[in-house]
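Structural overview
Now for the letters of each chain:
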Amino acid sequence: MNEVSRQTRISRPPAPHEPGQQAAEYAVLAEIGRIISSTLNIDEIYEQFAHQVSLLIPFDRLSISAVDMDAHTVQAVYASGGNIPGWERGVVHEIIPGGISDILERDRRGILFRTPDEEEEAGQQPARDLGGDFQTRIAVPLIARGVFVGALNIRSLQPYAYDEKHVAQAERIGAQIAGTIANVFAYEKLEAAQLALENAVSELRRSNQELEQFAYVASHDLQEPLRKIASFCNLLEARYAERLDDKAGTYLHYIVDGALRMQALVNDLLHYSRVATRGKEFAPTDANSVLQDALVNLEVAVSESNASVTYDSLPRISGDEAQLVRLFQNIVGNAIKYRGEDPPRIHIGVEEQDGQWFFSVRDNGIGIAPEYAERIFVIFQRLHTREEYGGTGIGLAVCKKIVERHGGRIWVESQEGSGATFRFTLPRMPE
Ligand code: ADP
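Note that the coordinates shown come from a computational prediction; the quantities given were computed from them, not determined experimentally.

**Comments concerning the site of the ligand**
Close to the ligand lie 20 residues; Asn 334, Tyr 338, Arg 382, Gly 393 and Leu 396 are nearest. At a separation of 2.8 Å, an oxygen atom of the ligand approaches a polar backbone atom of Leu 396. Isolated, the ligand exposes 530 Å² of accessible area, and the fraction of that covered by the protein chains is 98%. Elements supplying a minimum of two residues to the shell around the ligand: α10 (321-337) and α11 (395-405). Among the elements that line the shell around the ligand, the one with the most residues is α10, at three residues. Tallied by class, the residues present in the shell around the ligand amount to nine nonpolar, eight polar and three charged.

Shown next as structure tokens:
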């Protein structure tokens, strides 16, 4: 047993014997119970609690500290009476190994220091070291549902102000309020976590918006100089071809090719950033006519590839029509582009489930290995070289953005070599 325990450990006394004392304590305990159930305002509870304690154990300072044994921190959540510099409400301290919190958690019973010297001899830091004049101190643990959640500290400016009877009383008072205090701590922790989460979400939203704005401005402003490079290179090629030797001609060709590719990338990037920055308000839209518009835009590709496109009768949905056309166009366009040996057979289906429409676009093309199922929706991610299939790797990233803006999600089910089914959900419109 260490010094603290030997010197100050209290053999737990029974409830007070003097009838007057006992009645006073019962009255205080009952009143604390009433206070707890009468208000949700924790500051009011603390105030009234401190007042009730003072009726039984006169003090010069009463403080309640919250202990977080996982985070190894302790802080005063309430203090009334005289000040102890550094231990004002809300100041967070590391728990000192072997310090009072450690001991209270281990022994789970009250401790009495009748003088600062006793406190010091027990290896604790008396208030006088910090500039407080307190002489006697009672510290009792607050234990709720078996968990040590904090401490109640009662101090007097007089030495030998308290005895073991007071410690026992303080323990009973602590037990009466520990549950409430634990609930408050848990609630405050939850609130703080929620606040942190909300802050993180709004920060993420803000930085996303900034990024979208940046992508929009950058791609928009890059268009003009790129157009200039491409058109003047074209002019150079057209007007000066015979004066350039073969090497210069080849170089010029590479420049034009690079500029055109960059134009395509910048254009697609502009489309991508426009989904969020230039989206229209949602309106009731007939998905059948959306699909028809997409198919009209794909007419050349459909007829060149000899594709057959079939579809279910599609519902009315709430959305941004132009974006929905682009969504269908990109997915059906890919189904044609990534076709296999046979002419493309594409079916657009829809099912209703749990208040959502599940759309599917099934093809008989080259398919996608399952390990790439997520990657293809990331901007600029492609599974093929430009020589195999042209493209910028933005089409599906745009689809994802559009679907998410409409409150849905998108994914692909496929095996390499056996076709792919792209699926996306859109919320059902209220009747
Ligand atoms: P892009 O077609 O410009 O490469 P996308 O974002 O539209 O960009 O597609 C990303 C990648 O997903 C494509 O490079 C391709 O490898 C794969 N992909 C998309 N649609 C299909 C499909 N229907 N069948 C097989 N692969 C596909």
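**A few points about the packing of aromatic side chains**
Across all of its chains, the model carries seven aromatic pairs by this definition. Between Phe 359 and Phe 424, the ring centres sit 5.1 Å apart and the planes meet at 10°, which makes this aromatic pair stacked. One end of the pair, Phe 359, is in strand β11 (residues 356-362); the other, Phe 424, is in strand β13 (residues 420-427), and 65 residues separate them in sequence. For the pair Phe 359 and Phe 424, one class covers both residues: buried. An angle of 70° between the planes, with centres 6.1 Å apart, marks the rings of Phe 377 and Phe 422 as edge-to-face. One end of the pair, Phe 377, is in the loop between β11 and α11; the other, Phe 422, is in strand β13, and 45 residues separate them in sequence. With a relative accessible area of 7%, Phe 377 lands in the buried category.

**So, the side chain of Thr 115**
Tracing the backbone through its elements, the reader meets Thr 115 in the loop between β4 (111-113) and α5 (116-121). Setting aside residues up to four positions removed in sequence, Thr 115 forms contacts with Gln 135, Pro 159 and Tyr 160.

**A short note on helix α4 (residues 100-107)**
Among all positions in α4, only Ile 100, Ser 101, Ile 103, Leu 104 and Asp 107 are buried. Projected onto a plane normal to the axis of α4, the buried residues spread over an arc of 165° and lie on a single side. Among the residues trailing α4, Arg 108 stands out with phi positive, at a value near 55°.

Here is what the cut-offs are and how they apply
- The numbers attached to residues start from 1 for each chain and follow its sequence in the written order.
- Per-residue local features of the predicted model are confined to residues with pLDDT of at least 70, and side-chain atom pairs are confined, for both listing and counting, to 80 or more; whole-chain, interface and lining totals are unaffected and use all residues.
- By convention in this description, side-chain values take in all heavy atoms of the structure and omit both hydrogens and water.
- To be near a molecule or strand, a residue needs just one of its heavy atoms within 4 Å of it.
- Polar contact criterion, stated in full: a pair of N or O atoms within 3.5 Å, where within protein one must be able to donate a hydrogen and the other to accept it, and residues adjacent in sequence count only if both atoms are side-chain atoms.
- In short, Shrake-Rupley with a 1.4 Å probe defines the accessible areas, and a residue's cover is counted only from the protein chains shown.
- The secondary structure listing takes helices from DSSP runs of H or I that are at least 4 residues long and strands from runs of E that are at least 2 residues long, numbered from the N terminus.
- Here the nonpolar group is Ala, Val, Leu, Ile, Met, Phe, Trp, Tyr, Cys and Pro; Asp, Glu, Lys and Arg are the charged ones; every other residue, Gly included, is treated as polar.
- Classification of ring pairs rests on two measures: the distance between centres of Phe, Tyr or Trp rings, Trp counted by its six-membered ring, which must be within 6.5 Å, and the angle between planes, read as stacked under 30 degrees, edge-to-face over 60 and tilted in between.
- Classification of residues uses two cut-offs on accessible area relative to the type maximum, computed with a 1.4 Å probe and protein chains only: under 20% is buried, over 50% is exposed, and between them is partly exposed.
- Whether two residues touch is decided by their heavy atoms; if any such pair falls within 4.5 Å, the residues are in contact.
- What the arc covers is the set of directions going from the helix axis to the C-beta atoms.

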